[in-house]
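So the chains spell out like this:
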Amino acid sequence: MTPSRIATRLFAVIVAIIVLATLALAGMIAFGTSSLPPPLADVDGPFKKINFHDQPPLQSFRARDGAALAYRVYPAQGEKAVVMLHGAAGSSFMLHALAKAAQASGYTVYVPDMRGHGGSGPSGDIAYIGQLQDDVADFTRFVHQAQPDASVSLLGHSAGGGLALRFAGGPDSALFDRYVFLSPLLARDAPTVRPGAGGLAKPFKARYVGLTILDRFGLHGFESLPVLAFAMPAAPGNMMTPLYSYRLSEDFTHNAHYLDDLRHITKPTELLVGADDEFFYADKFEPLVHGVRPDIAVSTVPKVGHMGIALDPAAIQQVIEALDRGQG
């Protein structure tokens, strides 16, 4: 066989491989979904005892892109303020009990609906990976304008706790005077996370892999497609967000640099987790955190689960005490 024929056949093989790989990738993205997980009683059960009739109405502020994002405010006298970030698939209503308790303790509490949740933008999607952190920075500057003399803490629950960790260890850490993480989702693959987050989340694995491949090549045109489903019960209005797009999933449920963020924290910080957490391994937080930052207090609250850390009266009291320790 002549060199030219060898080259022609080799080219044909390469083209065939590229075509087959492209078709396989397209199939993964187009059809790589699965059925939705059944609702978990552990998600909505704890909220049935909470009175939401006195929940303050949603207000809005303008983010850097001009979008009107929703939040609730629980006003109090004095110069103590706290921004609270809700967890994945929820909205500001999830932190109502904790916000009321903090308000009664003298804190003005600000609870945004994270973009893609509740009253903030299209459900289950954002415009780019990193937008949630930009939104929190914009919102916090809005809070500082409203209360220029306030000491402002950042508290995050679950995925909101993971986002709060990114702030604590990132370039905008000076926006806050103290950090409190409640059962934080450090990253999807962190050793603290139970398999499948205890049944809470179900990824569309084939589609996720396909979109990750495209992302590595700088191709982002399909990142609005859903890749993650939550075991959410039916809820009125837009209180729950059962599906996440690729970019929202990457932004709100994963942080490959969480250990570096822990190392870089410079502000007073505490972490609390429920001993009976259904989605995370409570006993793995302390050795993981103290392996890199032995000075960060880690507390395990007995007899409460993942949602209970922000709902149970005894747990809430410990959370308020953690906030108060940063007030001098």
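Numbering of residues starts from 1 in each chain and follows the order in which that chain's sequence is written. The predicted nature of this model means local features are confined to residues of pLDDT at least 70 and side-chain atom pairs, given and counted, to a pLDDT of 80 or more, with totals for whole chains, interfaces and linings taken over all residues. Only heavy atoms go into the side-chain values, all of them from the structure, while hydrogens and water stay out.

Caption draft 1: Broad picture of empty space enclosed by the protein. Residues are called lining when one of their atoms sits within 4 Å of a cavity or pocket point, these points coming from a 1 Å grid over the protein atoms alone, where a cavity is a set in which a 1.4 Å probe fits but cannot get out and a pocket is an open set with protein on both sides within 12 Å along at least five of seven lines. Grid points are joined across faces, edges and corners, and a volume is the space filled by probe spheres set on the points. Summed over the entire model, instances satisfying the criterion amount to 3 cavities of 30 Å³ or more. Quantified by volume, the largest cavity comes out at close to 70 Å³. Every residue lining the largest cavity is listed: Gly87, Ala88, Met94, His157, Ser158, Leu200, Met232, Phe279, His306 and Met307. By the convention adopted, Pro, Cys, Tyr, Trp, Phe, Met, Ile, Leu, Val and Ala count as nonpolar, Lys, Arg, Asp and Glu as charged, and the other residues, Gly among them, as polar. Its residues placed into classes, the lining of the largest cavity shows 6 nonpolar, 4 polar and no charged.

Caption draft 2: Spotlight on the packing of helix H3 (residues 96-104) against helix H10 (residues 313-324). In this description, a line fitted to the C-alpha atoms serves as the axis of each element, helices being fitted only across the stretch in contact, and the angle between N-to-C directions of two axes falls anywhere from 0 to 180 degrees. For helices the rule is a DSSP run of H or I covering at least 4 residues; for strands it is a run of E covering at least 2, with both sets numbered from the N terminus onward. Here H3 crosses H10 at 50 degrees, and the two axes come no closer than 10 Å. Relative to H10, H3 is oriented oblique. As H3 packs across H10, the resulting crossing turns out to be right-handed. In contact with Ala97, Leu98, Ala101 and Ala102 of H3, H10 contributes Ile316, Val319 and Ile320. Note on angle classes: values under 35 degrees are labelled roughly parallel, values over 145 roughly antiparallel, values of 65 to 115 roughly perpendicular, and the remainder oblique. What makes a crossing left-handed is the near helix being turned counterclockwise from the far one by less than a right angle; a clockwise turn instead makes it right-handed. Whether two residues touch is decided by their heavy atoms; if any such pair falls within 4.5 Å, the residues are in contact.

Caption draft 3: Layout of the environment of Leu259. Along the chain, Leu259 falls in helix H8 (residues 258-264). Here Leu259 is in contact with Leu288 and Val292, once residues within four sequence places are set aside.

Caption draft 4: Representation of the sheet that holds strand S1 (residues 59-62) in the model. One requirement defines pairing of two strands: DSSP has to find at least two bridges between them. Taken together, the 8 strands give an open sheet; going across it, the order is S1-S2-S4-S3-S5-S6-S10-S11, and neighbouring strands pair in mixed fashion. Of all the strands in the sheet, just S1 and strand S11 (297-301) have a single pairing partner and so form its edges. Within the sheet, the average angular offset between the axes of one strand and its neighbour, ignoring direction, is 25 degrees. Bridge count for strand S3 (residues 80-85) against strand S4 (residues 107-112) is 4 bridges, and the pairing is parallel. Counted as the bridge partner of Val83 is Tyr110 from S4.

Caption draft 5: Structural context of unusual backbone geometry. Even without a glycine there, the phi angle at Ala89 is positive, about 75 degrees. Inspection of the secondary structure puts Ala89 in the loop between S3 and H3. The backbone of Ser183 sits at a positive phi, close to 40 degrees, despite the residue not being glycine. Residue placement: Ser183 occurs in the loop between strand S6 (178-182) and strand S7 (201-203).

Caption draft 6: View of the side chain of Gln147. Counting through the fold element by element, Gln147 comes out in the loop between helix H4 (131-146) and strand S5 (151-157). Whenever two N or O atoms come within 3.5 Å, that pair is a polar contact, provided that in protein one can donate a hydrogen and the other can accept it, and provided that, for residues adjacent in sequence, both atoms are side-chain atoms. At 2.7 Å, the side chain of Gln147 and the side chain of Tyr110 are in polar contact.

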